Amino acid sequence: MRTPNSPCSKCSRAEASTIGIAALPAPCVSPAPAGTRARCAPALAAGFRTRSHEIARCRAPLALRLAALSLFPPAASAHSFGRIYNLPVPFWLYAYGAAAALLLSFLIAAWFATAAPPAPSAAHGAPSLDGLRATLRRLRLPALLRGVSLLGLLLCIATGLFGVRDPYRNLDMTLFWVVFVLGFAYLSALIGDLYALVNPWRVLADLLGRVWRGYTQGRLRYPRRLAYWPALALYMLFIWAELFGNTRPFSLAVWLGAYTLLNLAAVGVFGAADWFRHGEFFAVFLRLIARMAPLDYAPGRHLRLRRPFAGLSQERASSWSELVFVLFMLSSTAFDGLRATKVWYSLVWADATGLLTPWLGQRPIYLYPRLRAWYLLYESVCMVLSPFVYLAVYLLFVGIARRLGGRRHSLRELALSFTYSLLPIALVYHVTHYYTLLLTQGVKIVSLLSDPFGYGWNLFGTAGLLRAPFLPDLGTVWHTQVALILFGHIVSVWVAHAEALRLFPSRGRALLSQLPMLVLMVSFTTAGLWILAQPIQGR
């Protein structure tokens, strides 16, 4: 088994570091036969970015990649563990099976689902765990968790600035991208909005507030018209840096330092409560994820049990900006998957439309060095526009639902009411694309904690533990993805139907209104599976 320090013989050391520590490089293999799905693993933030259906990819030299790109073989030139995974049945069977399962779940929801209760009645009578919350406070666990969170942020910045530049050996890449961005998101879906308590930027602001009177109160009232737009802008910037920023330990530390200063400045202007409610995008992102958790946790207020996904029906989205934020949770993951496929690359570099070659005078692939910057701009614009494309499609189907439901509610009211029903889809998209990174690189946090700077330390005696990644079977990965995507869409169908029963005057009207939403869910399911099933074009 190869190690991160012994990359594929066709990869230089520098190129190997950009493959992603999601998995170990494996020997290159020949292209897969047509109709097969090659599994590989793109980098996360150019160092770690991964989709869970991909395990390892060898980046060939630029000349070879350009040649392969210009030829476009019938399937991906990617590899994983030195072999190609073939779907056991044709893709269309998966698509039809998923559509049939969604239709069946829709019929079951139409028969058994009840109206979503309003927030006060949903919370009333929920089993309280406030006794447990009080016990944990007496043990000073919240204070301990807040301290660990702040220490983690400072350690990410310090190791990035002063540690080795190798992302395999520096703690900050694994701790931030894998443990926090991925692991904490999935943890929030299980235990609720713990981030509201341990947010390291909130902890730092609170500490400053102790020595700077009035700091956390702010100087200006937060403009209502801004709503969640600042969080969305920062979220887009984060995804851009992740996809295009070529992030390394040092640059990640600089990004985190700049984001820390931005948060502290915003708290001084708008106050901690408003900024961490609307502006700090991790707080918004993780709070939305936490709505699906079986624990309803509000720091300093309550800790209650509830049915999984019940939090999606307790409140409605408050603004267009929150809706677009949720849609970007969907579209950014889909875009990340799509841009790695051969289909996406062929649109420009192979001029699949036939429009660019006459204009440029030759095929775009032969002008790669000159067009690369324009291609980056093109992909950046596509990323920024993606949630608004989703918004147009979403509003089209909601408009049809409104017409079938009797036009009792405005388009805006219906659009915001069904917003949270999209969150299960956003969560499973995220999990299916990235969860294997927790298995391949996440386990290495144990060894990295003993040597956070990559200097060869062994502070806790764990430097030699769990250094080899866990490499799951490719068939297991694929079928897990299919099951998760199908599960998320079924939950969304159920949540949307329960919301429709609350909004429309009769069960019949509610059922009619959900027919276009069912078509939308089937479209999302098929598109998600199609992206996962596409051959990967190496970058």
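Going by the structure above, here's the rest.
Below you will find a few notes about this structure. For clarity, every value in this text was computed on a predicted model and none was experimentally measured.

Quick notes on the rules
Residues numbered from 1 in each chain as written. Predicted model: local features only at pLDDT ≥ 70, side-chain atom pairs only at ≥ 80, totals over all residues. Heavy atoms only, no water. Helix = DSSP H or I, 4+ residues; strand = E, 2+ residues; numbered from the N terminus. Buried < 20%, exposed > 50% of the residue type's maximum accessible area, 1.4 Å probe, protein only. Contact = heavy atoms within 4.5 Å. Phe/Tyr/Trp six-rings, centres within 6.5 Å; stacked < 30°, edge-to-face > 60°. Polar contact = N/O pair within 3.5 Å; in protein donor to acceptor, adjacent residues only side chain to side chain. Pairing = 2+ DSSP bridges. Expected span 1.5 Å × (residues − 1). Salt bridge = Lys/Arg side-chain N within 4 Å of Asp/Glu carboxyl O. Axes fitted to C-alpha atoms, helices over the stretch in contact; angles between N-to-C directions. Parallel < 35°, antiparallel > 145°, perpendicular 65-115°, else oblique. Left-handed = near helix turned anticlockwise from the far one by under 90°. Nonpolar A, V, L, I, M, F, W, Y, C, P; charged D, E, K, R; others polar. Core = buried A, V, L, I, M, F, W, Y, C linked by side-chain atoms within 4.5 Å.

**Section: the overall build of the protein**
Scanning the protein from N- to C-terminus turns up 23 helices and two strands. Here the protein holds 539 residues, and the buried ones make up 56% of them. Counting only contacts in the protein whose residues sit at least 6 apart along the sequence, the fraction spanning at least 24 positions is 79%.

**Some details on the packing of aromatic side chains**
Summed over all chains, the structure comprises 34 aromatic pairs. Ring geometry for Tyr235 against Phe328: centres 4.9 Å apart, planes inclined by 85 degrees, an arrangement best described as edge-to-face. Here Phe328 lies in helix α14 (residues 320–338) and Tyr235 lies in helix α10 (residues 229–244), a separation of 93 residues in the sequence. Here Tyr235 and Phe328 have matching classes, each one buried.

**Side note on the side chain of Ser380**
When you line up the elements, Ser380 lands in helix α17 (residues 368–405). Relative accessible area serves as the criterion here: at 12%, Ser380 is assigned to the buried category. Here Ser380 is in contact with Trp240 and Phe244, once residues within four sequence places are set aside.

**A few points about the side chain of Asn170**
Within the fold, Asn170 resides in the loop between α6 (141–162) and α7 (171–191). Relative accessible area serves as the criterion here: at 0%, Asn170 is assigned to the buried category. At 2.8 Å, the side chain of Asn170 and the backbone oxygen of Thr159 are in polar contact. Excluding anything up to four places from it in sequence, Asn170 contacts Thr159, Gly160, Gly163, Val164, Pro249, Leu448 and Pro452.

**A look at the pairing of strand β1 (residues 295–298)**
Alternating positions in β1 separate into two faces, Leu295 and Tyr297 on one and Asp296 and Ala298 on the other, with burial throughout. As paired elements, β1 and strand β2 (residues 302–305) share four bridges and run antiparallel to each other. In the sheet register, Leu295 faces β2, and the bridge partner there is Leu305. Counted along the chain from β1 to the antiparallel partner β2, the turn is three residues long, and its residue Gly300 has a positive phi close to 80 degrees.

**Points about helix α22 (residues 474–503)**
The periodicity of an α-helix, 3.6 residues per turn, causes residues three or four positions apart to be oriented the same way. Its 30 residues give α22 an end-to-end C-alpha distance of 44 Å, which sits within 8% of 44 Å, the value for a rise of 1.5 Å per residue. Counting buried positions along α22 yields 21 of 30 residues, so the element is predominantly enclosed. Put simply, Asp473 is the residue that caps the front of α22, since its side-chain oxygen is 3.0 Å from the backbone nitrogen of Gly475.

**Details of the environment of Ala233**
Along the chain, Ala233 turns up in helix α10. It is 9.1 Å that separates the C-alpha atoms of Ala233 and Gly279, two residues lying 46 residues apart in sequence.

**Side note on the pattern of salt bridges**
Counting across every chain of the model gives eight salt bridges. Through salt bridges with shared partners, a single ionic network connects Arg146, Arg202 and Asp206.

**A look at helix α3 (residues 91–112)**
Here α3 spans 32 Å end to end across 22 residues, near enough to the 32 Å set by a 1.5 Å rise per residue. On the buried face of α3, the contacting elements are α22 and α23 (507–533).

**Thoughts on the packing of α7 against helix α11 (residues 249–270)**
Taken N-terminus to C-terminus, the directions of α7 and α11 make an angle of 55 degrees; their axes are 9 Å apart at the nearest point. With respect to α11, the element α7 is oriented oblique. The hand of the α7/α11 crossing is left-handed. Along its contact with α7, which presents Asp172, Met173, Phe176 and Trp177, the element α11 presents Pro249, Leu252, Ala253 and Leu256. Along the lines of polarity and charge, the residues of the contact of α7 with α11 split into seven nonpolar, no polar and one charged.

**Things to note about the nonpolar core**
If you look at the biggest cluster of nonpolar residues, it comprises 132 residues, and the most contacted ones within it are Phe176 and Phe325. No other element matches the 13 residues that α7 contributes to this core. Apart from residues lying up to four places away in sequence, Phe325 is in contact with Ala231, Leu232, Tyr235, Phe281, Val284, Phe285 and Leu288.

**Section: unusual backbone geometry**
The backbone of Arg140 sits at a positive phi, close to 60 degrees, despite the residue not being glycine. Along the chain, Arg140 falls in the loop between α5 (130–138) and α6. Residue classification places Arg140 among the exposed positions, given a relative accessible area of 61%.

**Describing the environment of Leu303**
Residue placement: Leu303 occurs in strand β2. Looking at Leu303, the relative accessible area reads 10%, which means it is buried. Separated by 176 residues in the primary sequence, Leu303 and Pro127 place their C-alpha atoms 8.9 Å from one another. Not counting chain neighbours up to four residues away, the residues in contact with Leu303 comprise Pro127, Ser128, Leu129, Asp130, Leu132, Arg133, Asp296 and Tyr297.

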